[in-house]
Amino acid sequence: MTTETRAFQAEVQQVLNLVIHSLYSNKEIFLRELVSNASDALDKLRFEALQAPELLAGDPELAIEIEFDDTARTLTIRDNGIGMSHDEVVENIGTIARSGTRRFLDALSGDARKDAQLIGQFGVGFYSAFIVAGDVEMRTRRAGADANEGVYWRSEGKGEYAVDRIEYPRRGTEIVLHLKDEESEFLSAWRLRALIHKYSEHIAFPIRMRGEKEEVAEEGAEQTATPGAMETVNQAAALWARPKSELTDDDYQGFFKHLAHSDGEAVSWSHNKVEGNQSYTSLLYLPSKAPFDLYGSGRDERHGLKLYIKRVFIMDAAEQLLPAYLRFVRGVIDSDDLPLNVSRELLQDNKLTQQIRSAIIKRVLDMLDKLAQDQPEKFANFWREFGQVFKEGLTEDYAHRERISKLLRFASTKSEGAEQSVSLADYLGRLRPNQTAIYYITAESHLAARNSPHLEAFRAKDVEVLLASDRIDEWALSYLHEFDGKPFVSVAKGDIDLSNIPDGEGVSAPPSAELPEGLAERLKAVLGDRVKAVRGSARLRDSAAVLVVDQHELSLHTQRLLKQAGQAAGGGAPTLELNPTHALTARLAGETDEARFGQWATLVFEQAVLSEGGQLEDPSGFVRRLNDLLFGA
Ligand code: ADP
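Read on for an overview of the structure. Every value quoted in this text rests on a predicted model; they were computed, and no experiment measured them.

Some points on the overall build of the protein chain
For the protein chain, the count of helices and strands is 21 helices and 24 strands. The globule rule puts the C-alpha radius of gyration for 633 residues at 26 Å, and the 33 Å found for the protein chain is more than 25% above it. Dimensions of the protein chain, computed from C-alpha atoms along their principal axes, come out at roughly 125 × 60 × 40 Å. Taking all 633 residues of the protein chain together, the buried fraction comes to 53%. Put simply, of all contacts in the protein chain between residues at least 6 apart along the chain, 71% involve residues at least 24 apart. Counting every atom, the protein chain has about 29100 Å² of accessible surface; 49% of that belongs to carbon and sulfur. Across the protein chain, the centroid of the 74 positively charged side chains sits 4 Å from that of the 100 negatively charged ones.

A closer look at the packing of helix H2 (residues 29-51) against helix H7 (residues 189-200)
Close contact between H2 and H7 brings their axes to 10 Å; oriented N to C, the two are set at 65°. Two packed elements cross with a definite hand, and for H2 against H7 that hand is right-handed. Along its contact with H2, which presents Ile-29, Leu-31, Arg-32 and Val-35, the element H7 presents Leu-192, Leu-195, Ile-196, Tyr-199 and Ser-200. Tallied by class, residues from the contact of H2 with H7 come to 7 nonpolar, 1 polar and 1 charged.

Some details on the pattern of salt bridges
Counted according to the given criterion, the structure contains 46 salt bridges. Its salt-bridge partner being Asp-59, residue Arg-171 comes within 3.8 Å of it at the nearest N-O pair. Here the residue Arg-171 occupies a position in the loop between strand E6 (160-166) and strand E7 (172-179), and Asp-59 occupies one in the loop between H2 and strand E2 (64-69), the gap between them amounting to 112 residues. Looking at Asp-59, the relative accessible area reads 24%, which means it is partly exposed. One continuous salt-bridge network, built from bridges that share partners, spans Glu-65, Glu-67, Arg-78, Asp-135, Glu-137, Arg-139, Arg-154, Glu-174 and Arg-210.

Here we look at the sheet that holds E7
The strand order across the open sheet built from 9 strands is E1-E6-E5-E4-E7-E3-E2-E8-E11, with neighbouring strands paired in mixed fashion. The sheet is open, and its two borders are formed by strand E1 (4-7) and strand E11 (230-232), each paired with just one other strand. Strand-to-strand twist across the sheet, computed as the mean angle between neighbouring axes with direction ignored, equals 20°. Bridging between E1 and E6 involves 4 bridges; their strand directions are antiparallel. Across the sheet, residue Glu-4 finds its bridge partner in E6, namely Val-163. Against the sheet, helix H3 (residues 86-94) makes contact with E1, strand E4 (133-141), strand E5 (150-155) and E6, and its axis sits at roughly 160° relative to E6, the strand it touches most.

Some details on the side chain of His-86
Relative to the assigned elements, His-86 resides in helix H3. Here His-86 falls in the buried class, since its relative accessible area comes to 9%. Excluding residues within four positions of it along the chain, His-86 makes contact with Glu-4, Arg-6, Val-151, Val-163 and Arg-165.

A closer look at helix H1 (residues 10-22)
Taking 1.5 Å of rise per residue, the 13 residues of H1 would be expected to cover 18 Å, and the 18 Å separating its terminal C-alpha atoms lies within 8% of that figure. Buried residues of H1: Val-12, Gln-13, Val-15, Leu-16, Val-19, Ile-20 and Ser-22, and no others.

Cut-offs applied
- Within every chain, residues take consecutive numbers counted from 1 along the sequence as written.
- Since the coordinates come from a predicted model, pLDDT governs what is reported: local features require at least 70, and pairs of side-chain atoms require 80 or more to be given and counted, while whole-chain, interface and lining totals use all residues.
- Side-chain numbers come from the whole structure's heavy atoms, not from hydrogens or water.
- By definition, any uninterrupted DSSP run of H or I lasting at least four residues is a helix, any uninterrupted run of E lasting at least two residues is a strand, and each is numbered from the N terminus.
- The atom set for the radius of gyration is the C-alpha atoms, and the globule formula is 2.2 Å times the number of residues raised to the power 0.38.
- Classification of residues uses two cut-offs on accessible area relative to the type maximum, computed with a 1.4 Å probe and protein chains only: under 20% is buried, over 50% is exposed, and between them is partly exposed.
- Only heavy atoms matter for contacts: two residues are in contact if any of them lie within 4.5 Å across the pair.
- Per-residue and other accessible areas follow the Shrake-Rupley method at a 1.4 Å probe size, with only the shown protein chains counted as cover for residues.
- Asp and Glu are treated as the negative residues and Lys and Arg as the positive ones, with His and the ends of the chain left uncounted.
- We put the charge of a Lys on NZ, of an Arg on CZ, of an Asp on CG and of a Glu on CD.
- For every element, the axis is a line fit to its C-alpha atoms; helices are fit only across the contacting stretch, and the angle between N-to-C directions ranges from 0 to 180 degrees.
- In this scheme the handedness of a crossing depends on how the near helix is turned from the far one: anticlockwise by less than a right angle means left-handed, clockwise means right-handed.
- The nonpolar class holds Ala, Val, Leu, Ile, Met, Phe, Trp, Tyr, Cys and Pro. Asp, Glu, Lys and Arg form the charged class, and all remaining residues, Gly among them, are polar.
- Salt bridge, as used here: a side-chain nitrogen of Lys or Arg that lies within 4 Å of a carboxyl oxygen of Asp or Glu.
- Here, a strand pair is defined by DSSP locating no fewer than two bridges between the strands.
- The span one expects for a helix is its residue count, reduced by one, times 1.5 Å.

Honestly, it's all geometry; don't read function into it.
Structure, rendered in structure tokens:
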């Protein structure tokens, strides 16, 4: 024996401890995780066997077995899948190769229910064995390797593990859990079967357990009990390949949980068998909750669709089948026509793939239309969870821009709170007489948008403005030039002329945008390059001043975001607009002392910067100036 003891990578131990402690209240999921690993291993073998059929030699029927021994207090999960070599065991089980681990650790909330959903998404599934077992043994052999190339692994989950090379007579992996004293509940055929039905019903391979013991009465001998034969416990058929009429909502939800590695529900699904110039089956789900890393890297390999070809699992996250802005969709595509040796590259320029992809996009948009129409509350929830991702579609999918636009939801000056609930159709239904554009504002936060001075004239005219404060908004909206013939116009850009629109109820006539003679020139002379120009404003009612960029420039807040990210913003200086009716304007116009005029002018400019959410170049200078002017120094 050449048993080697190795230490877990520090992060593995940390994950292990977290998994054991935070998931205890949901401990039964260990079985789901180990069965799911076994099923993945079978999928991988079946895939490799396409090129190398000899891998299946002598043991062609792929299956998972679950056995327990109540005397030894062990529970065994066994598969005849791909198995692992010595190096793979060390790599896969002793370290966490995936870069997501750090994020996993950060994401754990201590809320066991939520954390339980994270576990599968992060590939810490194997470690869940230690929730119920004080000691875990594994025997495994890579498919195609010789009998003496088996690997033995054992650990108590406390900092180190042992590995050794052994003889192992069969292909695949066997995991033996030595259950802790208090976990006897898992030494029950009834309990285990119930768990398999609950979590693993839709694994496409048979999961087998031993049947009831058979009492055999032999003549002249005592009654003896021989163990029953192995029997299949789950459905063991690809769910999507079964006819719709046979499937219940529970079946679909159960399969969704398996796909999504989560306890969350699907909001809706669409199951279709397509026959024609090519045949394939698609089963697409809209989830009710976003995985927490949807926005980060967002393209984790566990997102998206699983591609099968004639029931053989080919790959996860077939991004060629689904554009990135629909990456929240889960599901399966099973094609009869794609070649079995397909690769990601091949998928890319395959005509069949392109057809499937555009059919899937239509199906998903159909599902969303239906949800918006029939179940607006569920659609609102969808929008909260996935709206930001969905908006990327404006930039990505030109062909469906109109359909995407109809599904967009915004906060607006005519809706309550920050909730994005206004559709563009709602907006058009509330156009004011002579209103020819759809107005919006982008800002860092919802409050900054809602309270922006840019909105003052729009309020006075009772014109609705869409409030866009998601990070993606400025970028996404720049692709949305018009809707139903009405152009999109930012209220913070260019010249705004609302003079043809009647005043709102109880609002006095708009002030003229004319500044007192010569004031604009005096201000420009003081402010120099900080402003492009100074002019009277038709936007303002209560505020003294506001900064405006040209129609085709990035908004000031986006320029700031770019600058923070180290990119050249490229915007010129903004234009300062001054409210002709404000007391400060009168004060400026009446100031004859040039030094004092300079102080007032700078202060007005700085106010405009601040109300825009911007940063002052010289904050302490601002405070000094303000105090000087307040106390008449
Ligand atoms: P995940 O399955 O999410 O990647 P796990 O911690 O559950 O994370 O497993 C880590 C890795 O160990 C797997 O990706 C796989 O490569 C390997 N592995 C786990 N169980 C098995 C098994 N039964 N057969 C073969 N390989 C396995």
